[in-house]
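# Analysis of the macromolecular model
So the chains spell out like this:
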Amino acid sequence: MKLVIAYIQPHKLQDVKKALYKAEVHKMSVTNALGCGEQRGYEESYRGVKYEVNLLKKVRIEIAVNEDFMQKTIDAIVEGAHSGTIGDGKIFVLDLVECVRIRTGDKGRAAIG
Ligand SMILES: Nc1ncnc2c1ncn2[C@@H]1O[C@H](COP(=O)(O)OP(=O)(O)OP(=O)(O)O)[C@@H](O)[C@H]1O
Ligand SMILES: [Mg+2]
């Protein structure tokens, strides 16, 4: 099992959702986040002096998947979020140790899928 965590531009959320639905990925958690990457948050918004970081609004998407869904999940996020400009976002993939569906007690593969 893997946990896919993506930080994307907020205005790309609808496109990412659409691409995920197309890839039959329907389960996700979405939260607002503040962040910066390589440019420390500056060139994305204005030409500032880089003596500190500037946190910009991002959307964080978390999706727990079984291994066979990992690549299509990543591809869908890239398809929906890519514009080719700085700040498009980043995807992290973590090994996921366990998942429990609270209602049924299902664990692992069955609980995720
Ligand atoms: N190494 C990191 N650790 C944690 N969060 C990160 C990291 N890199 C990027 N992020 C998160 O992802 C968001 C988008 O990053 P961003 O797309 O600007 O990455 P980048 O490496 O600067 O690439 P680019 O040069 O295309 O802008 C950041 O605002 C931040 O929330
Ligand atoms: Mg950046």
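Shown above is the structure to which this text applies.
Treat the numbers as computed from the prediction; the structure is a model and nothing was measured. Residue positions within a chain follow its written sequence, with the count starting from 1. To read the labels, note that chains go from A and ligands from 1, taken in the order they are written. Predicted model: local features are reported for residues with pLDDT of at least 70 only, side-chain atom pairs are reported and counted for 80 or more only, and whole-chain, interface and lining totals are derived from all residues. With hydrogens and water stripped out, all remaining heavy atoms of the structure feed into the side-chain values.

## Quick word on the pairing of strand 3 (residues 56-65)
Quick reminder of the rule: Two strands make a pair as long as DSSP finds a minimum of two bridges between them. Strands are runs of DSSP state E lasting at least two residues, helices are runs of H or I lasting at least four, and both sets are numbered from the N terminus onward.
With 7 bridges connecting them, strand 1 (residues 2-8) and strand 3 associate as antiparallel partners. Within strand 3, the residue paired with I5 across the bridge is E62.

## Brief notes about the nonpolar core
Filter applied, for reference: Residues belong to a common nonpolar core when they are buried Ala, Val, Leu, Ile, Met, Phe, Trp, Tyr or Cys residues joined through side-chain atoms within 4.5 Å. The cut-offs for exposure are 20% and 50% of the maximum accessible area for each residue type, with area from a 1.4 Å probe on protein chains only; residues under the lower value are buried, those over the upper are exposed, and the others partly exposed. Whether two residues are in contact is decided by their heavy atoms, any of which lying within 4.5 Å being enough.
In this structure, I8, V16, L20, I61, I63 and I77 are the most contacted members of the largest nonpolar core, which totals 16 residues. Elements with a contribution of two residues or more to this core: strand 1, helix 1 (13-22), strand 3 and helix 2 (67-81). If we ignore the near neighbours within four places in the chain, the residues touching L20 are V25, M28, I63, T73, A76 and I77.

## Observations concerning unusual backbone geometry
Located in the positive-phi region is E24, a residue other than glycine, with phi close to 65 degrees. As for its position among the elements, E24 is in the loop between helix 1 and strand 2 (29-35). In this structure E24 comes out as exposed when scored by relative accessible area, which is 56%.

## Things to note about the side chain of Q9
Within the secondary structure layout, Q9 lies in the loop between strand 1 and helix 1. Q9 gets classed as buried once you look at its relative accessible area, which sits at 14%. In this structure Q9 touches E44, K57, K58, I86, G87 and D88, once residues within four positions along its chain are discounted.

## Focus: the site of ligand 1
Quick reminder of the rule: A cutoff of 4 Å decides nearness: a residue is near a molecule or strand if any of its heavy atoms lies inside that distance of it. Residue exposure ignores everything except the shown protein chains as possible cover, and the areas themselves are Shrake-Rupley values with a 1.4 Å probe. Both cavities and pockets are sets of points on a 1 Å grid over the protein atoms alone; in a cavity a 1.4 Å probe fits but cannot get out, in a pocket the set is open with protein on both sides within 12 Å along at least five of seven lines, and lining residues sit with an atom within 4 Å of a point. What decides whether a molecule sits in a cavity or pocket is whether more than half of its atoms lie within 2 Å of the grid points. Three categories are distinguished: nonpolar for Ala, Val, Leu, Ile, Met, Phe, Trp, Tyr, Cys and Pro, charged for Asp, Glu, Lys and Arg, and polar for the others, with Gly belonging to the last.
Among the 14 residues in the neighbourhood of ligand 1, the closest are listed as E38, Q39, G87, G89 and K90. Contact with the protein chains hides 71% of the accessible area of ligand 1, taken as 600 Å² for the molecule alone. More than half of the atoms of ligand 1 fall within 2 Å of the grid points belonging to the largest pocket. Counting residues per element, the shell around ligand 1 draws most heavily on strand 4 (residues 89-95), which supplies 3 residues. Among the residues making up the shell around ligand 1, the classes are represented as 4 nonpolar, 5 polar and 5 charged.

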